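Tertiary structure, described
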Amino acid sequence: MLIPVRLTGRIVDGEVDLAFRRWTSPRVAAGSRFISNEIVVEVTSVEEVALADITDDDARRAGFDSVADAGKALRRNDAPIFRIGLRYAGPDPRIALRNDATLSDDDLTDLRRRLDRLDAHSTHGPWTREVLSLIARRPAVVSTELAAEIGQPRPEFKLDVRKLKKLGLTHSLDVGYELSPRGAEFLRRDAQDS
């Protein structure tokens, strides 16, 4: 579940603690957590509601000025509306990970093992070091250009970069990506040992 960037700080402050989504069935469950915009958000409740059941207070708690504004945002389709309770659960743990460039020999071995596994299970062959090197050479370049450079469809490329981000090796920018301190150190040491 994605949270609009404009609401991130308001969720952290506790001002926004609801979201409304049109889904054919719930995509989150109470008690689950997800990462969006560098914060961890806990889902506190999920219930199906009618548009007429949404109050002005509910709309404000979801970051809208009014029920009418919430209704406009929910007019995309006729799927059921779900009222999702939200709570800030902490910063994205990947931030601390990506900023930690102190790689022990065990850390380096573990990262190599994980990247080798991603390469081995890929439908398009080994890609992890190539993508890390590409991002190192071309930071802040739009993903469309990066994907084209290695002959990969953009959606597939972005999914691969997300896997690297989960390992703390990359960081998303407003446009494109850059290596994290951890990613830069990994690439340096991996090349040094090759």
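Anything mentioned here points back to the structure above.
About the criteria used
- Residues numbered from 1 in each chain as written.
- Predicted model: local features only at pLDDT ≥ 70, side-chain atom pairs only at ≥ 80, totals over all residues.
- Heavy atoms only, no water.
- Salt bridge = Lys/Arg side-chain N within 4 Å of Asp/Glu carboxyl O.
- Helix = DSSP H or I, 4+ residues; strand = E, 2+ residues; numbered from the N terminus.
- Buried < 20%, exposed > 50% of the residue type's maximum accessible area, 1.4 Å probe, protein only.
- Core = buried A, V, L, I, M, F, W, Y, C linked by side-chain atoms within 4.5 Å.
- Contact = heavy atoms within 4.5 Å.
- Pairing = 2+ DSSP bridges.
- Axes fitted to C-alpha atoms, helices over the stretch in contact; angles between N-to-C directions.
- Arc of directions from axis to C-beta.
- Polar contact = N/O pair within 3.5 Å; in protein donor to acceptor, adjacent residues only side chain to side chain.

A word on the pattern of salt bridges. For the structure shown, the criterion picks out 20 salt bridges. Arg10 is the partner of Glu15 in a salt bridge, and the nearest nitrogen-oxygen pair spans 2.9 Å. Arg138 is the salt-bridge partner of Glu149, the closest N and O atoms lying 2.6 Å from each other. Of this pair, Glu149 sits in helix α7 (residues 143-149) while Arg138 is found in the loop between α6 (128-137) and α7, placing the two residues eleven residues apart along the sequence. Using a relative accessible area of 38% as the deciding quantity, one classes Glu149 as partly exposed. Note on Arg138: relative accessible area 24%, which makes it partly exposed. Here the salt bridges share partners, and the residues they tie into one network are Arg112, Asp116, Asp119, Arg129 and Asp190.

In terms of nonpolar packing, the biggest core is built from 21 residues, with Leu115, Val131, Leu132, Phe157, Leu164, Leu169 and Phe186 touching the most fellow members. Excluding its chain neighbours within four sequence positions, the residues that come into contact with Leu115 are Thr128, Arg129, Leu132, Leu164, Leu167, Leu169 and Phe186. In terms of nonpolar packing, the next biggest core, distinct from the first, is built from 14 residues, Ile11, Val16, Trp23 and Val41 among them.

A few words now on the environment of Trp127. If you trace the backbone, Trp127 turns up in the loop between α5 (105-120) and α6. Trp127 sits in the buried class, given a relative accessible area of 3%. Taking C-alpha positions, Trp127 is 29 Å from Val40, a pair spaced 87 residues apart along the chain. With near-sequence residues (within four places) excluded, Trp127 lies in contact with Leu118, Asp119, Ser122, Asp160, Lys163 and Leu164.

Turning our eyes to something else, we now look at the sheet that holds strand β3 (residues 39-49). Across the sheet, four strands lie side by side as β1-β4-β3-β2; this open sheet has antiparallel pairing. Edge positions in the sheet fall to β1 (18-22) and β2 (33-36), since each of these pairs with one other strand and no more. Within this sheet the neighbouring strands show an average axis-to-axis angle of 40°, counted without direction.

Bringing α6 into the picture now. Listing the buried residues of α6 in full gives Thr128, Val131, Leu132, Leu134 and Ile135. For α6, the angular spread of buried residues about the axis comes to 160°, placing them on one side. Looking at the buried side of α6, the elements it contacts are α5, α7, α8 (154-166), β5 (170-172), β6 (177-179) and α9 (181-193).

Only one face of β2 is buried, namely the one carrying Phe34 and Ser36, since none of Arg33 and Ile35 on the opposite face is buried. Here β2 runs beside β3; their pairing, made up of four bridges, is antiparallel. Paired with Ser36 across the bridge in β3 is Ile39. Taking the residues between adjacent antiparallel strands as the criterion, β2 and β3 are bridged by two residues, where Asn37 takes a positive phi near 55°.

Its location among the elements puts Arg189 in helix α9. A distance of 2.5 Å separates a polar atom in the side chain of Arg189 from the backbone oxygen of Leu103.

Here we come to helix α1 (residues 5-12). Since the α-helix advances by 3.6 residues per turn, residues separated by three or four positions end up pointing in the same direction. Regarding α1, the residues found buried are Leu7, Thr8 and Ile11. End-on, the buried residues of α1 take up no more than an arc of 125°, which puts them together on one face. In this structure, the buried side of α1 is in contact with β3 and β4 (81-91). Positive phi shows up at Gly14, right after α1, with a value of about 85°.

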